[in-house]
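Architecture at a glance
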Amino acid sequence: MTVLVQNLVPGLTREQYEGIAAALRDKLMATPGFNAHYAYESEGGMTVVEIWEAATQHDAWFDNNVRPNLPVEVTPEKHELANEMTA
């Protein structure tokens, strides 16, 4: 089931996010199950939203590649999608 995964990373600056994203971009794009990645500045940090084919694919990616680069512990919020449309 396709999932939307959202992470609020408190204290993460835009500059820190951009450094992490640049280092992981190519690897993320090549990871099976990855569909989309969005990020925006939010109250007190950065919010990252991704779309994955399955939660297990996201979890493996996140635990092995993202979590070690974050300055704080975060818990991804996951939502199974009922519908998906793209242009």
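Everything below is about the structure printed above this text.
My aim in this report is to walk through the structure given alongside it, one point at a time. (Residues numbered from 1 in each chain as written. Predicted model: local features only at pLDDT ≥ 70, side-chain atom pairs only at ≥ 80, totals over all residues. Heavy atoms only, no water.)

As for the packing of helix α1 (residues 14-29) against helix α2 (residues 55-66)
Selection rule: Axis lines are fitted to C-alpha atoms, over the contacting stretch for helices. Their N-to-C directions set the angle, which ranges from 0 to 180 degrees. Counting from the N terminus, the helices are the DSSP runs of H or I reaching at least four residues and the strands are the DSSP runs of E reaching at least two. Small angles under 35 degrees read as roughly parallel and large ones over 145 as roughly antiparallel, with 65 to 115 read as roughly perpendicular and the rest as oblique. Crossing handedness is defined as follows: a turn of the near helix away from the far one that is anticlockwise and smaller than a right angle gives a left-handed crossing, while the clockwise case is right-handed. Any two residues having at least one pair of non-hydrogen atoms within 4.5 Å are treated as being in contact. Residue polarity is assigned by list, with Asp, Glu, Lys and Arg as charged and Ala, Val, Leu, Ile, Met, Phe, Trp, Tyr, Cys and Pro as nonpolar; anything else, Gly included, falls into the polar class.
For the pair α1 and α2, interaxial distance at closest approach is 12 Å and the crossing angle is 150°. Viewed along their axes, α1 and α2 adopt a mutual orientation that is roughly antiparallel. For the pair α1 and α2, the crossing hand works out as right-handed. Only W61, N65 and V66 of α2 make contact with α1, whose side of the interface consists of L24, K27 and L28. Partitioning the contact of α1 with α2 into residue classes produces 4 nonpolar, 1 polar and 1 charged.

Brief notes about the pattern of salt bridges
Worth spelling out the cut-off: Note on definitions: salt bridges are taken to be side-chain nitrogens of Lys or Arg within 4 Å of carboxyl oxygens of Asp or Glu. Here's how the labels work: a residue is buried when its accessible area is under 20% of the maximum for its type, exposed when over 50%, partly exposed in between, all with a 1.4 Å probe on protein chains only.
Applying the stated criterion across every chain, the model contains 5 salt bridges. A salt bridge links D63 to R67, with the shortest nitrogen-to-oxygen separation between them at 3.2 Å. Between R67 and E73 there is a salt bridge, with the nearest N and O atoms lying 2.4 Å from each other. For R67, a relative accessible area of 25% translates into the label partly exposed. By relative accessible area, which is 61% here, E73 ends up exposed.

A look at α1
We apply this condition: Two axes enter the bend calculation: one fitted to the seven residues ending at the residue in question, the other to the seven starting there, and the bend is the angle between them.
By the largest-angle criterion, A23 marks the main kink of α1, which is about 40°. Taken together, the buried positions of α1 are Y17, I20, A21, L24 and L28. Looking at the buried residues of α1, the elements they touch are β2 (34-42), β3 (45-52) and α2.

Side note on the nonpolar core
Which entries qualify depends on this criterion: Nonpolar cores were defined as sets of buried Ala, Val, Leu, Ile, Met, Phe, Trp, Tyr and Cys residues, with membership established by side-chain atoms within 4.5 Å.
Counting 18 residues, the largest nonpolar core has L12, Y17, W52, W61, V66 and L70 as its most contacted members. Counting only elements with at least two residues in this core, the list comes to β1 (3-10), α1, β3 and α2. Excluding anything up to four places from it in sequence, W61 contacts L24, K27, L28, T31, E50, W52 and V66.

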